[in-house]
Amino acid sequence: MDFYGSPLHRKLLVQYETSVFSHCDLSKPTGEKQLENGCLLRYAAHSFHRLNARGHTEAVAGTVYGLYREETLLYSWKETDGHRHDAHIIRHANGRKYLLFHEDIFGYSVLELDTLRSLHYLPEESYRFRDAHIPADHLPRPCGRSDGNLYLAQPALQS
């Protein structure tokens, strides 16, 4: 399923733009993480609570990320979960380096560092059932990386 760029995704981003992302400023990051290859991940997060349709309080959170090398912004993205902050650089068997990161709670994205070409994976089940995490403790890890709950599949990394 190609959720990114769909009408539903664009609607979600418009809502987040005004309520969350407009409060995130990468020039005043709320955190940063040193990555390998001379890369630095900076992020600015914002969250608040609101009443949902059933009258329950729910948290709304989002984060704007910037990937920097020597103070130069290489790539940025907006994440609608607001709690991850866990991008990782991996070296694939094809010799290329990739940044693995999240744009929402269920899928993951891959950025090829040489070309800055991004690929996104979002399981169709995540928007049908709202749960697509796959336990990773018993699965092989062809990429050598798991975020604890999500198995990062190798086909998305092949060229």
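Numbers given to residues run from 1 along each chain, matching the order in which its sequence is written. Totals for whole chains, interfaces and linings use every residue, but because this is a predicted model, local features are given only for residues with pLDDT of at least 70 and side-chain atom pairs only at 80 or more, for both listing and counting. Water and hydrogen atoms play no part in the side-chain values, which are based on all heavy atoms of the structure.

Re the overall build of the protein chain
And then number 1: Counting from the N terminus, the helices are DSSP H or I runs at least four residues long and the strands are E runs at least two residues long. Broken down by element type, the protein chain carries 2 helices and 8 strands.
And then number 2: For the protein chain, the α and β elements follow one another from N to C terminus as α-β-β-β-β-β-β-β-β-α.
And then number 3: Only protein chains enter the accessibility calculation, which uses a 1.4 Å probe; a residue is then buried when its area is under 20% of its type maximum, exposed when over 50%, and partly exposed in between. Looking at the protein chain as a whole, 41% of its 159 residues are labelled buried.
And then number 4: Across the protein chain, contacts joining residues at least 24 apart in sequence account for 41% of those joining residues at least 6 apart.
And then number 5: Note that accessible areas follow from Shrake-Rupley with a 1.4 Å probe, and for residues the cover is restricted to the protein chains shown. Carbon and sulfur atoms make up 50% of the accessible area of the protein chain, which totals about 9100 Å². Note on definitions: a residue-residue contact is assigned when non-hydrogen atoms from the two residues lie within 4.5 Å.

Describing the sheet that holds strand S7 (residues 108–112)
And then number 1: Within the open sheet, the 4 strands sit side by side as S5-S6-S7-S8. Their pairing is antiparallel. Edge positions in the sheet fall to strand S5 (88–91) and strand S8 (117–121), since each of these pairs with one other strand and no more. The average angle at which neighbouring strand axes cross in this sheet is 25°, direction not considered.
And then number 2: Sheet analysis places strand S6 (residues 97–101) next to S7, joined by 4 bridges and oriented antiparallel. Considered in S7, the bridge of Tyr-98 is made with Glu-112. Strand pairing is assigned whenever DSSP detects at least two bridges linking the two strands. In this analysis an axis means a line fitted to C-alpha atoms, helices contributing only their contacting stretch, and an angle means the value between N-to-C directions, from 0 to 180 degrees.

Observations concerning the pattern of salt bridges
And then number 1: A pairing counts as a salt bridge when a side-chain nitrogen of Lys or Arg comes within 4 Å of a carboxyl oxygen of Asp or Glu. Taken as a whole and judged by the stated rule, the model has 7 salt bridges.
And then number 2: Between Lys-78 and Glu-17 there is a salt bridge, with its nearest N and O atoms 2.6 Å apart. A residue pair is termed long-range when its members are at least 10 positions apart, and Lys-78 in strand S4 (residues 72–79) and Glu-17 in helix H1 (residues 7–19) qualify at 61 residues.
And then number 3: Overall, Lys-78 belongs to the partly exposed group, its relative accessible area being 34%.
And then number 4: A salt bridge links Arg-50 to Glu-58, with the nearest nitrogen and oxygen atoms 2.8 Å apart.
And then number 5: A network of salt bridges, in which partner residues are shared, links Glu-32, Arg-42 and Glu-71.

Details of the side chain of Glu-79
And then number 1: Summarising the element assignment, Glu-79 is placed in strand S4.
And then number 2: Taking the relative accessible area as the measure of exposure, Glu-79 reaches 0% and is therefore buried.
And then number 3: By the criterion applied in these results, polar contacts are pairs of N or O atoms within 3.5 Å in which, for protein atoms, one can donate a hydrogen and the other can accept it, and in which residues neighboring in sequence qualify only through two side-chain atoms. Within the structure, the side chain of Glu-79 is placed 3.5 Å from the side chain of Tyr-65, a separation counted as a polar contact.

Structural notes on the sheet that holds S4
Working definition: the strands of a sheet are paired by backbone hydrogen bonds and lie parallel or antiparallel to each other.
And then number 1: Taken in spatial order, the 4 strands of this open sheet run S1-S2-S3-S4, and their pairing is antiparallel. Since the sheet does not close on itself, it has two edges, and those belong to strand S1 (31–34) and S4, each with one partner. On average, adjacent strands in this sheet sit at an angle of 20° to one another, irrespective of strand direction.
And then number 2: Pairing analysis gives 4 bridges linking S1 to strand S2 (residues 39–51), with the strands arranged antiparallel. Directly across from Lys-33, in S2, lies its bridge partner Leu-41.
And then number 3: The strands that H1 touches are S2, strand S3 (57–69) and S4; relative to S3, the one it contacts most, it runs at about 85°.

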